[in-house]
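A structural walkthrough
Here's the letter readout for the chains.
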Amino acid sequence: MKILFSFLPKEEQRLSLINRFPQVDFIFHKGLNENELKTASVFVTYGEDLKSSHIEGAKKLKWVMVASAGLEKMPLQEIAQRNILLTNVRGIHKTPMAESILAHILSIKKSLPLIAENQKKAEWSKRVPSSELYGSTALIIGPGAIGGEVGRLLQAFGVHTIGCNRSGKTASYMDEMVSFKSLKEVLPKADIVISILPSTEETRRLLTYEHFKSMKESAIFMNYGRGDLLKEQDLKQALEDNCIAYAVLDVFAKEPLESDHPFWSMPNVIISPHISSHSSQYVVRALEIFSRNLTIYLNEESNFENVIDVSRGY
């Protein structure tokens, strides 16, 4: 059986897979090797290189393992038509992303950018605003694995957490839960609004200018899901109209963000170039999930981790 990778794990990681699964023919390649894909049973990818035409030519392909959480660039319809198993690494981002989100919140609350700027100017100034997380309310839109970890950390700081998802069903580390239908009702309560939603038909353009207008003027809005959650012009207008105080953005409609985009020069916008999930442990954790699923696959079992419902895209 041939397994094709379109990215290169570290040498010791490759050797570990080869030694653990001697019955498998591993092909590690930087970038998609179309010829090798034609005879591969399993394809391991970050999810941005596989196209519809590749599926048509990959006659032996039975399983696609995506070493990321996002699937919006995958040819989902063609994968579904071929009944190809699709899995991802949902959950491995929760530690680095939750730490990143918390770091940005604390940085704003304790005015760390201003303190750093004063240091550059050798300016001893105690005119630095400071507020506390304790007693505040955070609305987490998309309280899955990542959102749950954010909720756990925020609760340790004495923050009241409200989760918001499609159904309104209970999620871990949320003090309250609401559905998308109740979003406008709960936004005025939140001091921090954090979106960690995937890109689906239900989430695209979910937030509008009217949503931002209903938030507290002191609110921090953070987007760590996907850039198509909103129209960037709506967010820009809301910031200029002082509907909210800050926006922390890790994702954008078009990436990389163009150098002349107005967000770069707005004082109440913090740009994180889609790096919140970066971690020295990323590939390690991804390969752990892959290895467990590969054992299941070789044993012809069916209890795979992180199976994607292709019709929903998550």
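**Describing the packing of helix α5 (residues 94-109) against helix α7 (residues 145-156)**
Packing of α5 against α7 brings their axes to within 9 Å, and their N-to-C directions diverge by 45 degrees. Comparing the axis directions of α5 and α7 gives the class oblique. α7 is crossed by α5, and the crossing has right-handed handedness. Where α5 abuts α7, its residues K94, M97, A98, I101, L102 and I105 lie against A145, I146, E149, V150, L153 and L154. In the contact of α5 with α7, the residues fall into 10 nonpolar, no polar and two charged.

**Structural notes on the packing of helix α1 (residues 11-20) against helix α11 (residues 282-298)**
A pair of packed helices can be characterised by two numbers: the angle between their axes and the separation between those axes. With their axes 12 Å apart at the nearest point, α1 and α11 run at an angle of 15 degrees to one another. By the angle between their axes, α1 is roughly parallel relative to α11. Relative to α11, α1 is oriented so that their crossing is right-handed. Judged by residue contacts, Q13, L17 and R20 of α1 engage V283, V284, L287, F290, S291 and T295 from α11.

**A look at the sheet that holds strand β3 (residues 42-45)**
Within the open sheet, the five strands sit side by side as β2-β1-β3-β4-β5. Their pairing is parallel. Only two strands of the sheet have a single neighbouring strand rather than two, namely β2 (25-28) and β5 (85-87). Here the average twist between neighbouring strands, direction ignored, is 15 degrees. The pairing of strand β4 (residues 63-66) with β5 spans three bridges and is parallel. Each residue of the ladder has a partner; that of V64, found in β5, is L86. α1 contacts β1 (2-5) and β2 of the sheet and is inclined by roughly 165 degrees relative to β2. In the packing of α11 onto the sheet, the strands contacted are β1, β2, β3, β4 and β5, and the crossing angle to β4 comes to about 160 degrees.

What counts and how
- Residues numbered from 1 in each chain as written.
- Predicted model: local features only at pLDDT ≥ 70, side-chain atom pairs only at ≥ 80, totals over all residues.
- Heavy atoms only, no water.
- Axes fitted to C-alpha atoms, helices over the stretch in contact; angles between N-to-C directions.
- Helix = DSSP H or I, 4+ residues; strand = E, 2+ residues; numbered from the N terminus.
- Parallel < 35°, antiparallel > 145°, perpendicular 65-115°, else oblique.
- Left-handed = near helix turned anticlockwise from the far one by under 90°.
- Contact = heavy atoms within 4.5 Å.
- Nonpolar A, V, L, I, M, F, W, Y, C, P; charged D, E, K, R; others polar.
- Pairing = 2+ DSSP bridges.

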